[in-house]
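Descriptive structure summary
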Amino acid sequence: MTLPDTSDLNSHGEMLPKLSRRSLTIALLLSREKLMSQFRPMLAGHNLTEQQWRVLRVVSEDKEIDATQVAKRSCILAPSVSRILRRLEGNGLIARMRDKNDSRRTIISITSKGIELIAEIAPKNRKIYAEFRSGIGEESFEQLLDLLEKLNDLPAPTELEPPLEEDAPKQT
């Protein structure tokens, strides 16, 4: 049996298998890391983690938002969001209050200090995005966002069926 030629060089001269380079999940992770490597130092300069920034951005998009929606829209698990919200509240960037109609729900809003921080970060944020946009071209950048939106709008795949008993590994 002949093994396929899986070696290739990426733009940094590193060995990277051809097949994994064409894997959607790996391509998305590599792209995310390339983007975040530019954003992390900027955020660190403002004493924010990328997760805190995501939460702050989501909260800033609505006058008031439920903690469950913050978790969903920021793509962070609820227990982690709870810790992040406590820290952001402690830093005066958000305010939390119990829902008057449902005491189980927490409502979050951004404070003026949070808005000021976003306004301070925004020009640096736009500059980083502008560099990526110019790197692949405005049209390609918009196409990429459109394609990712389509991908995210796809229905969740159905769960794989468990293997049939005769296909299950035999215990010896």
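Residues numbered from 1 in each chain as written. Predicted model: local features only at pLDDT ≥ 70, side-chain atom pairs only at ≥ 80, totals over all residues. Heavy atoms only, no water.

Examining the overall build of the protein chain
How we decide: Secondary structure elements follow DSSP: runs of H or I of four or more residues count as helices, runs of E of two or more count as strands, with numbering from the N terminus. Only protein chains enter the accessibility calculation, which uses a 1.4 Å probe; a residue is then buried when its area is under 20% of its type maximum, exposed when over 50%, and partly exposed in between. Note on contacts: a residue pair qualifies if any of its non-hydrogen atoms lie within 4.5 Å across the two residues. Accessible surface is estimated by sampling points in the Shrake-Rupley manner with a 1.4 Å probe; for residues, cover comes only from the protein chains shown.
A tally of regular secondary structure across the protein chain gives seven helices and three strands. Mapped in sequence order, the helices and strands of the protein chain form the string α-α-α-β-α-α-β-β-α-α. In the protein chain, buried positions account for 25% of the 172 residues. A separation threshold of at least 6 residues defines the contact pool for the protein chain, and within that pool the share at least 24 residues apart is 41%. Of the roughly 13,200 Å² of accessible surface on the protein chain, 55% is carried by carbon and sulfur atoms.

Comments concerning the environment of threonine 111
Spelled out, the test is: For this analysis, a polar contact is any N or O atom pair within 3.5 Å, provided that within protein one partner can donate a hydrogen and the other can accept it, and provided that sequence-adjacent residues contribute only side-chain to side-chain pairs.
Tracing the backbone shows threonine 111 in the loop between strand S3 (106–110) and helix H6 (112–136). For threonine 111, a relative accessible area of 19% puts it in the buried group. Between the alpha carbons of threonine 111 and glutamate 89 there is a distance of 9.1 Å; along the sequence they are 22 residues apart. Apart from residues no more than four positions distant in its own chain, threonine 111 is found in contact with Gly92, Leu93, Ile94 and Ala95. One polar contact links the side chain of threonine 111 to the main-chain carbonyl oxygen of glycine 92, over a distance of 2.5 Å.

Some remarks on the side chain of glutamine 52
Mapped onto the elements, glutamine 52 comes out in helix H3 (residues 50–60). Among the residues examined, glutamine 52 registers a relative accessible area of 5% and is labelled buried. Not counting residues up to four positions away in its chain, the partners in contact with glutamine 52 are Asn47, Ile84, Arg87 and Leu88.

Notes on the packing of aromatic side chains
As a reminder, the rule being used: Each Phe, Tyr or Trp ring (for Trp, its six-membered ring) is paired with any other whose centre lies within 6.5 Å, and the angle between the two planes then decides the class: stacked below 30 degrees, edge-to-face above 60, tilted in between.
Throughout the structure, instances matching the rule amount to two aromatic pairs. Seen in terms of ring centroids, phenylalanine 39 and tyrosine 129 are 5.1 Å apart; in terms of plane orientation they differ by 55 degrees. Their pairing is tilted. You can see phenylalanine 39 sitting in helix H2 (residues 24–44) and its partner tyrosine 129 sitting in helix H6, a full 90 residues away along the chain. Given a relative accessible area of 36%, tyrosine 129 falls into the partly exposed group. An aromatic cluster of three or more residues is present, and its members are Phe39, Tyr129 and Phe141.

A closer look at the sheet that holds S3
Basically, it comes down to this: Pairing between strands is defined by DSSP: at least two bridges between them are needed. A fitted line through C-alpha atoms serves as each axis, taken over the contacting stretch for helices, and the angle formed by two N-to-C directions is quoted from 0 to 180°.
The strand order S1-S3-S2 describes an open sheet built from three strands, whose pairing is antiparallel. The strands lining the two open edges of the sheet, one partner per strand, are strand S1 (65–66) and strand S2 (94–98). By the bridge criterion, five bridges tie S2 to S3 in an arrangement that is antiparallel. The residue of S3 that forms the bridge with arginine 96 is isoleucine 108. Running at roughly 90 degrees to S3, H3 makes contact with S1, S2 and S3 of the sheet.

Some remarks on the confidence of the model for the protein chain
Going by this rule: What pLDDT expresses is the predictor's confidence in each residue, scored from 0 to 100.
Per-residue confidence for the protein chain gives a mean pLDDT of 86, with 80% of residues at or over 70. When pLDDT is averaged over each element of the protein chain, H3 comes out on top at 96 and helix H1 (residues 18–21) at the bottom at 68.

Here we look at a nonpolar patch on the surface
This is how it is decided: To count toward a patch, a residue needs a relative accessible area above 30% and no salt bridge. Like charges then connect within 9 Å, nonpolar side chains (Val, Leu, Ile, Met, Phe, Trp, Tyr) within 5 Å. Throughout this description, the term salt bridge denotes a Lys or Arg side-chain nitrogen within 4 Å of a carboxyl oxygen of Asp or Glu.
On the surface, a cluster of nonpolar side chains totalling about 350 Å² of accessible area is made up of Leu24, Leu28, Leu151 and Leu154. Inspection of the secondary structure assignment puts leucine 151 in helix H7 (residues 138–153).

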